[in-house]
Amino acid sequence: MSATSNTLTVDRLLSAPLPELLAEVGAELVDAPATDETFGRIEGRIGAARLTMPTGRSAFERDTIVRILVGKLAGAPMRPVPPSLDVRTFGGSK
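Just so it is clear, the model here is predicted, and its values are computed rather than measured.

Quick notes on the rules
- Residues numbered from 1 in each chain as written.
- Predicted model: local features only at pLDDT ≥ 70, side-chain atom pairs only at ≥ 80, totals over all residues.
- Heavy atoms only, no water.
- Helix = DSSP H or I, 4+ residues; strand = E, 2+ residues; numbered from the N terminus.
- Buried < 20%, exposed > 50% of the residue type's maximum accessible area, 1.4 Å probe, protein only.
- Contact = heavy atoms within 4.5 Å.
- Areas by Shrake-Rupley, 256 points an atom, 1.4 Å probe, with all protein chains shown as cover.
- Arc of directions from axis to C-beta.
- Core = buried A, V, L, I, M, F, W, Y, C linked by side-chain atoms within 4.5 Å.

(A) Quick peek at the overall build of the protein. The helix and strand inventory of the protein stands at three helices and four strands. Taken from N to C terminus, the helices and strands of the protein fall in the order α-α-β-β-β-α-β. Counting over 94 residues, the protein shows a buried share of 33%. Pairs at least 24 residues apart make up 46% of the contacts formed inside the protein by residues separated by at least 6 positions. Carbon and sulfur atoms provide 55% of the accessible area of the protein, an area that totals close to 5600 Å².

(B) Spatial organisation of helix H2 (residues 18-25). Among the residues making up H2, those that are buried are Leu18, Leu21, Leu22, Glu24 and Val25. Looking straight down H2, one finds its buried side chains confined to an arc of 160°; they lie on one side. Facing away from the buried side of H2, by more than 90 degrees, are the exposed residues Pro19 and Ala23. Of the surrounding secondary structure, the elements contacted by the buried residues of H2 are helix H1 (10-15), strand S1 (27-32), strand S3 (48-54) and helix H3 (59-74). Following H2 by one or two positions, Gly26 adopts a phi angle in the positive range, close to 65°.

(C) Spotlight on the nonpolar core. Counting 20 residues, the largest nonpolar core has Leu8, Leu51 and Val70 as the members making the most contacts within it. Of all the elements in the fold, those that place two or more residues in this core are H2, S3 and H3. With seven residues, H3 is the largest single contributor of residues to this core. Residues in contact with Val70, not counting those within four places in the same chain, are Leu8, Leu13, Leu21, Leu22, Val25 and Leu51.

Pasting the structure below:
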């Protein structure tokens, strides 16, 4: 079952293991070159998405950014992220 804004709560988004969240939204996490200046990006749409993140991020940064990207991808009810973490979706419907 794919995640939607109705099934992926903020509570679940913040507590579920990342592999479960990625499977739930049908996304794979892909490493980008360390020179990529983004924190992470969404390519595609729910059910067929790639979340790209530069290598070299700390475990905390990686976990936090992936959870933000999964929430954005699924349309989960989230508070706005700071402007410095502007989230854009490439190739998706959102």
